[in-house]
Amino acid sequence: MRHLIAGNWKMHTLGAEAVALARGVASGAQGLACDLLVCPPFVHIAQIAAAVAGSPVAVGGQDCHAADQGAHTGDVAAPMLRDVGASFVILGHSERRQNHAETDAMVLAKTQAAIKAGLTPIVCVGETEAERETGRETQVVGGQLDASLPDGFAGVVAYEPVWAIGTGKTATEADVAAMHGFIRQRLVARLGAGGRAIRILYGGSVRPANAASLMAVADVAGALVGGASLKAEDFLAIARAVKAG
Ligand code: PEP
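Residues numbered from 1 in each chain as written. Predicted model: local features only at pLDDT ≥ 70, side-chain atom pairs only at ≥ 80, totals over all residues. Heavy atoms only, no water.

Any chance you could explain the packing of helix α7 (residues 137–148) against helix α8 (residues 173–191) here in plain terms?
Two numbers describe a pair of packed helices, the interaxial angle and the distance between the axes. As a packed pair, α7 and α8 sit with axes 10 Å apart at the nearest point and diverge in direction by 35 degrees. The interaxial crossing formed by α7 with α8 has right-handed handedness. Where α7 approaches α8, its residues Glu-137, Thr-138, Val-141, Gly-142, Gly-143, Leu-145 and Asp-146 are matched on the opposing element by Met-179, Phe-182, Ile-183, Arg-186 and Arg-190. The residue makeup of the contact of α7 with α8, split by class, is five nonpolar, three polar and four charged. (Axes fitted to C-alpha atoms, helices over the stretch in contact; angles between N-to-C directions. Helix = DSSP H or I, 4+ residues; strand = E, 2+ residues; numbered from the N terminus. Left-handed = near helix turned anticlockwise from the far one by under 90°. Contact = heavy atoms within 4.5 Å. Nonpolar A, V, L, I, M, F, W, Y, C, P; charged D, E, K, R; others polar.)

Structure (structure tokens):
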């Protein structure tokens, strides 16, 4: 399965920096064995889509509202993302779940809106440190998958253990293999053959130094990268760590 390396720029970059970063990524994007995606802050999406036009780099949003339009001050609708050049959207990131009290039901509604607008959703799931320490990680992740994904889902899933995001800690390869295997089983049980085709990304302190080993784990089909996506060279080094095949 062809890997997807996705950069989540979070709330970083002013316009000129964002364009320079996107151009840097696009300049090294030819001939890779994986697909590349950058997810800038909403306000830069149109500019970034223009900056990477003609390159293999796709552009995505970091969230969307569940409604197509309406009285929702400060929110952004999925058709708006599509309109300015996004083709993906990250949904249910743990920072949204924690900081904006997003529930699985809200993530499900947003996922449905994204699909309706023609975007590919990247739905994030992952357990907290306390949940892992008490042996509840598969129960938590299984519950998030069941409640956040619509029937017939054909997007991307990102497994991001919350304790590994932005902390410099990564899950061990054995833990990643176990969780990705569990997610795959759950997807196949729910979606049948379609569940086998879904890319499952790993996210949580992916860096050039650990990318090759993480990207080679069974059922890992890419990475969702936060901090290391803010330097084009690091992001491209992660992408180059993906081996063809
Ligand atoms: C993320 O925000 O999705 C993430 C994985 O961040 P980092 O790579 O910085 O841990």
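Before we go on, may I ask you to explain the site of the ligand in this structure?
By nearness alone, 14 residues border the ligand, and Lys-10, Glu-160, Gly-166, Ser-205 and Gly-226 come closest of all. Within the side chain of His-93, one N or O atom sits 2.9 Å away from an oxygen atom of the ligand. Separating an oxygen atom of the ligand from a backbone N or O atom of Gly-166 is a distance of 2.6 Å. Burial of the ligand by the protein chains amounts to 98% of its free accessible area of 290 Å². The site holding the ligand turns out to be the largest cavity. Along the lines of polarity and charge, the residues of the shell around the ligand split into four nonpolar, eight polar and two charged. (Near = heavy atom within 4 Å. Polar contact = N/O pair within 3.5 Å; in protein donor to acceptor, adjacent residues only side chain to side chain. Areas by Shrake-Rupley, 256 points an atom, 1.4 Å probe, with all protein chains shown as cover. 1 Å grid on protein atoms, 1.4 Å probe; cavity = no way out; pocket = protein on both sides within 12 Å on 5 of 7 lines; lining within 4 Å. Sits in = over half its atoms within 2 Å of the grid points.)

Just checking my understanding: could you explain empty space enclosed by the protein for this structure?
Over the atoms, a rolling probe the size of a water molecule traces out where space has been left empty. Under the counting rule described, the total for this entry stands at two cavities of 30 Å³ or more. The volume enclosed by the largest cavity comes to roughly 110 Å³. The wall of the largest cavity is formed by 14 residues, among which Lys-10, Ile-165, Gly-166, Val-225 and Gly-226 lie closest to the centre. Its boundaries defined by the atoms lining it, the second largest cavity holds a volume of some 30 Å³. Only α7 and α8 provide two or more residues apiece to the lining of the second largest cavity. A total of three residues in the lining of the second largest cavity trace back to one element, the largest contributor, which is α8. (Points joined across faces, edges and corners; volume = space filled by probe spheres on them.)

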